[in-house]
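Topology and contacts: notes
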Amino acid sequence: MPSLFRRKSTDLVDEAVTPVTPDEESSTAQPRGYTPSKKELGRVTPKRPSAGRRPATATKPMTKEEQREHRRRLRAEASAEFRREGGPRDRGPERLLARNVVDSRRTVGTWFFGGALIVLIGSNAAMPPIVRLVSNILWGALALGVVVDSFLISRKIRKLVRERFPNTGQRMGSLYLYAIMRSITFRRMRAPEPRVNIGDPV
């Protein structure tokens, strides 16, 4: 009778080496209070809904009137910047000094184009001889005045540049021409705009 209820030794060995599944092994290896992740549970995290996002809208094309207004505004901004800062040829302290020399004095050149128009009208063959003679005299006086004024401006620029910029690499001939061309331009049309008033020391 005792042999009927006695378990065989082989049964005990088989029970002791019963295989453990990976899920059971991981669950037994984790500490108490451990919460398995959704990946471990076989769940997929849902993507964030895009209902609340603002869809990307395409830029509304401009009409012809808006394009013209946009181009006009760009031209006005570029003109104002050139009027204020000038271009590449206006850069450099020597150029600024030359502009200040011209802008600080009254120049004969500002009257040159106006006088040239009067001379052109007075030199017409339909005019009386006295008018044509006065026109020719006026033309000679304007030309002589521009030459003398340009010589004085160039001499002052040369003196100041040698005093303030003795090691300058600026070509003096180019600087003289730059100042002379500015001197025959109307003051309100000069670019960059004058930074000194007439009579101010330079």
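Residues numbered from 1 in each chain as written. Predicted model: local features only at pLDDT ≥ 70, side-chain atom pairs only at ≥ 80, totals over all residues. Heavy atoms only, no water.

1. Brief notes about the overall build of the chain
To be explicit about the condition: Only DSSP runs of H or I covering at least 4 residues are called helices, and only runs of E covering at least 2 are called strands; the numbering of each starts at the N terminus. Only protein chains enter the accessibility calculation, which uses a 1.4 Å probe; a residue is then buried when its area is under 20% of its type maximum, exposed when over 50%, and partly exposed in between. Accessible surface area values rest on a Shrake-Rupley calculation with a 1.4 Å probe, where residue burial reflects the displayed protein chains alone.
Counting its secondary structure elements, the chain contains nine helices and zero strands. When the helices and strands of the chain are listed from N to C terminus, the series reads α-α-α-α-α-α-α-α-α. In the chain, buried positions account for 21% of the 202 residues. For the chain, the accessible area works out to roughly 16300 Å², and carbon and sulfur atoms hold 59% of it.

2. Let's talk about the environment of Ile157
Applicable threshold: In this analysis, two residues are considered to be in contact whenever any of their non-hydrogen atoms come within 4.5 Å of each other.
Note that Ile157 resides in helix α8 (residues 129-164). Measuring from C-alpha to C-alpha, the distance between Ile157 and Leu97 comes to 7.6 Å, with 60 residues separating the pair along the chain. Setting aside residues up to four positions removed in sequence, Ile157 forms contacts with Ala98, Val101, Leu175, Tyr176 and Ala179.

3. Focus on the side chain of Arg190
Where we set the bar: By the criterion applied in these results, polar contacts are pairs of N or O atoms within 3.5 Å in which, for protein atoms, one can donate a hydrogen and the other can accept it, and in which residues neighboring in sequence qualify only through two side-chain atoms.
Tracing the backbone shows Arg190 in the segment after α9 (172-183). Engagement of the side chain of Arg190 in a polar contact is seen with the backbone oxygen of Arg182, the distance being 3.2 Å. One polar contact links the side chain of Arg190 to the main-chain carbonyl oxygen of Thr185, over a distance of 3.1 Å.

4. Thoughts on a nonpolar patch on the surface
This is how the line gets drawn: Residues form patches when they are more than 30% accessible in relative terms and have no salt bridge. Like charges link within 9 Å. Nonpolar side chains (Val, Leu, Ile, Met, Phe, Trp, Tyr) link within 5 Å. Salt bridge, as used here, is a side-chain nitrogen of Lys or Arg placed within 4 Å of a carboxyl oxygen of Asp or Glu.
Where nonpolar side chains cluster on the molecular surface, the patch consists of Leu117, Leu120, Ile121, Met127, Ile130, Val131, Leu133, Val134 and Ile137 and spans about 830 Å² of accessible area. Within the residue set of the nonpolar patch, elements represented by two or more residues are α7 (112-122) and α8. Tracing the backbone shows Leu133 in helix α8. Under the relative-accessibility criterion, Leu133 is labelled partly exposed at 45%.

5. Section: the nonpolar core
Quick reminder of the rule: Among the buried residues, those of types Ala, Val, Leu, Ile, Met, Phe, Trp, Tyr and Cys that are joined through side-chain atoms within 4.5 Å form a nonpolar core.
Leu97, Ala98, Val101, Val102, Ile153, Ile157, Leu160, Val161, Leu175, Tyr176, Tyr178 and Ala179 together form the largest nonpolar core, which totals twelve residues. Setting aside residues up to four positions removed in sequence, Tyr176 forms contacts with Ser154, Ile157 and Arg158.

6. What about the packing of helix α6 (residues 93-103) against α8?
Selection rule: Only the stretch in contact is used when a helix axis is fitted, and all axes are lines through C-alpha atoms; the angle between N-to-C directions ranges over 0 to 180 degrees. Here roughly perpendicular refers to angles of 65 to 115 degrees, roughly parallel to angles under 35, roughly antiparallel to angles over 145, and oblique to all remaining angles. Handedness of each helix crossing follows the sense of rotation of the near helix against the far helix: counterclockwise by less than a right angle gives left-handed, clockwise gives right-handed. Under the grouping applied here, Gly and all other residues not named as nonpolar or charged are polar, the nonpolar ones being Ala, Val, Leu, Ile, Met, Phe, Trp, Tyr, Cys and Pro and the charged ones Asp, Glu, Lys and Arg.
The interhelical angle for the contact between α6 and α8, taken along N-to-C directions, is 140°, at an axis separation of 10 Å. By the angle between their directions, the pair α6 and α8 is classed as oblique. Remark: the crossing between α6 and α8 carries right-handed chirality. Where α6 abuts α8, its residues Leu97, Ala98, Val101 and Val102 lie against Ile153, Lys156, Ile157, Leu160, Val161 and Arg164. Of the residues that constitute the contact of α6 with α8, the class distribution is eight nonpolar, no polar and two charged.

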